[in-house]
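Single-letter residue listing:
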Amino acid sequence: MKRLLALTAAAFISLPLSPALAHDGAPGAPGAGDPYFPDQGNGGYDAGHYDLSLDYDPSSARLIGVAGITARATQALSRFNLDLVSTLAVRSVTVDGRPAAFTQSGSELVVTPARSLPSGRGFSVVVRYDGKATHVIDPDGSLDGWIKTSDGVFNANEPQGAMTWYPGNHHMTDKATYRFTVTVPSTRVAVANGDLVAKWSQGERTTSVWDSHEPMASYLATVSIGKFEFADARIGGYRVTTAVDPKLAGDAKGFPERHPPVLDYFSSVFGPYPFSSTGGIVDHAPEVGYALETQTRPIYPRVPSESLLAHELAHQWFGNSVTPTLWRDIWLNEGFATYAEWLWVDKLGTRTVQASFDAAYATAAEDDFWQSPPADPGGPENLFHDPVYDRGAMTLHMLRREVGDAAFFAILRAWASDYKYGNADTAAFIALSERVSGKQLDALFEAWLFKPGKPAL
């Protein structure tokens, strides 16, 4: 979830390439081709794993990083790009253990290996870098990436913040597994995705190691740092790992125990929870204004309500395990999580799903709400506007009314299982809905997903 909550000169570094070295193949594309963020991601290779070693000093905001990346070439590569802001200075790059030439400009790190990489070949990259880590401003005006707080970092990366703290192929279609080794002052706690597997202190600094074994899109990665009250326990069949800012600890009492009931309900509706652990990070960050479904461990700028908690946990199925192929398909994240939120508050007896639908449908026909079709919000500045969330959820409710409960929930379970840990688009969801229900649904999706204007009931 990135929707706002109601809250009280480029560097250039190069190393010369020896003229004696010949490079066959072609350069990998500098972007993945997403219409909303053309420079995001890269072509010519698939990343498989990131091994990130990070040392951070909150007082100076200085980040020292070593990024080990294993990947496979998808074409004969003479050179390839990684996404990394140039405010972090790259000191060296190796490819398969050999020094590689590189240039750094804007958000592109261009790497030229000593030898070209044949198509289909696996290779490894190690990038050493450092600098003052900071955030970027998204097209909608929100902060994104490595966001400094009074005692550490609120690290939320949707849609483009990952490039502010580590180099990678930062488009959602290139998922990978992760290991984070994070060193911070011992007065701070570093929390990341997946499972805490090791922790030790040396002098006045503490190192934590986190493994994230299930594939993850880079915008869902987090390393959040603060003076957190930390808990890691088995609760109700789940490993629940939480970190709470002491300023919010009173309001967050019982926060770990709130997760299993929501996950049990969603598991009964959507299928098994897809990850090895769960939990959340509650930080005091009123300037941020949004929560984010970072994989296994959503991050909140305040203690979440029941509906917000449900929204971010539903994303673990819809958005995190099953991820869109393009940013314009973001309704597959936000519409689904909003509908799950409606289901949860219905389950609690607070408000029925139909009442939630009716409240959204009551928006006047002339309101801008109806002019932005959920299946293509119109540009990156509109990714996290209300129609994506509420019109997306309304589309699912109309699908449920059309096909009936049995077929509808079978569609959701099939979506979560058929595309588990992968990517899929709106066309795939429509095709699945028609296959499972046995109905032709073009008119429904055209009216609710693709056309501007208020659809008739």
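Residues numbered from 1 in each chain as written. Predicted model: local features only at pLDDT ≥ 70, side-chain atom pairs only at ≥ 80, totals over all residues. Heavy atoms only, no water.

1. Focus on the overall build of the chain
Okay, so step 1: Each helix and strand counted, the chain has eight helices and 23 strands in total.
Okay, so step 2: Radius of gyration (C-alpha) of the chain: 22 Å, near the 23 Å computed for a compact globule of 457 residues.
Okay, so step 3: Principal-axis analysis of the C-alpha atoms gives the chain an extent of 70 × 50 × 40 Å.
Okay, so step 4: Within the structure as shown, the chain displays about 16600 Å² of accessible surface, and the carbon and sulfur contribution to it stands at 53%.
Okay, so step 5: Each charge class in the chain can be summarised by its mean position, and for the 37 positive and 51 negative side chains these summaries are 5 Å apart. (Helix = DSSP H or I, 4+ residues; strand = E, 2+ residues; numbered from the N terminus. Rg over C-alpha atoms; globule rule 2.2 N^0.38 Å. Areas by Shrake-Rupley, 256 points an atom, 1.4 Å probe, with all protein chains shown as cover. Lys, Arg positive; Asp, Glu negative; His and termini not counted. Charge placed at Lys NZ, Arg CZ, Asp CG, Glu CD.)

2. A word on unusual backbone geometry
Okay, so step 1: That bond from Glu-158 to Pro-159 is cis: its omega, 5 degrees, falls within 30 degrees of zero.
Okay, so step 2: Note on placement: Pro-159 falls in the loop between strand S12 (153-156) and strand S13 (176-185).
Okay, so step 3: One non-glycine residue, Asp-96, lies in positive phi territory at about 55 degrees.
Okay, so step 4: Residue placement: Asp-96 occurs in the loop between strand S5 (88-95) and strand S6 (98-99).
Okay, so step 5: Unusually for a residue other than glycine, Thr-296 sits at a positive phi of about 70 degrees.
Okay, so step 6: Within the fold, Thr-296 resides in the loop between strand S20 (278-282) and strand S21 (299-300).

3. What to know about the nonpolar core
Okay, so step 1: Counting residues in hydrophobic clusters, the biggest one holds 145 residues, and the most contacted among them are Phe-80, Trp-165, Phe-180, Phe-266, Trp-415 and Phe-429.
Okay, so step 2: In contact with Trp-415, not counting residues within four places along its chain, are Phe-318, Val-322, Leu-332, Phe-336, Ala-424, Asp-425, Ala-428, Phe-429 and Leu-432. (Core = buried A, V, L, I, M, F, W, Y, C linked by side-chain atoms within 4.5 Å. Buried < 20%, exposed > 50% of the residue type's maximum accessible area, 1.4 Å probe, protein only. Contact = heavy atoms within 4.5 Å.)

4. Re the layout of surface pockets
Over the atoms, a rolling probe the size of a water molecule traces out where space has been left empty.
Okay, so step 1: For the second largest pocket, the calculated volume is near 160 Å³.
Okay, so step 2: Taken together, 16 residues line the second largest pocket, and the ones lying closest to its centre are Asp-39, Gln-40, Ser-107, Gln-160 and Met-163.
Okay, so step 3: In the lining of the second largest pocket, the residues fall into six nonpolar, seven polar and three charged. (1 Å grid on protein atoms, 1.4 Å probe; cavity = no way out; pocket = protein on both sides within 12 Å on 5 of 7 lines; lining within 4 Å. Points joined across faces, edges and corners; volume = space filled by probe spheres on them. Nonpolar A, V, L, I, M, F, W, Y, C, P; charged D, E, K, R; others polar.)

5. Description of the packing of helix H3 (residues 331-347) against helix H6 (residues 405-418)
Okay, so step 1: For the pair H3 and H6, the least separation of the axes is 14 Å and the interaxial angle reads 130 degrees. It follows from the interaxial angle that H3 and H6 lie oblique. Viewed along their axes, H3 and H6 form a crossing whose handedness is left-handed. Residue-level inspection shows Leu-332, Phe-336, Tyr-339 and Leu-343 of H3 in contact with H6, the latter providing Phe-408, Phe-409, Leu-412 and Trp-415. (Axes fitted to C-alpha atoms, helices over the stretch in contact; angles between N-to-C directions. Parallel < 35°, antiparallel > 145°, perpendicular 65-115°, else oblique. Left-handed = near helix turned anticlockwise from the far one by under 90°.)

6. Some details on the pairing of strand S9 (residues 122-132)
As a general feature of sheets, a regular strand has side chains that alternate between the two faces.
Okay, so step 1: Relative to S9, strand S3 (residues 62-73) is paired through 11 bridges, and the arrangement is antiparallel. Within S9, the position partnered with Ile-69 by the bridge is Val-125.
Okay, so step 2: Relative to S9, S5 is paired through seven bridges, and the arrangement is antiparallel. When the bridges of S9 are listed, Ala-89 appears paired with Asp-130. (Pairing = 2+ DSSP bridges.)

7. A word on the confidence of the model for the chain
Okay, so step 1: Put simply, the chain has an average pLDDT of 95, and 95% of its residues get 70 or more.
Okay, so step 2: Ignoring residues within four places in sequence, the model shows residues 6-22, a span with pLDDT below 50, making 29 contacts including any to other chains. (pLDDT = per-residue confidence, 0-100.)

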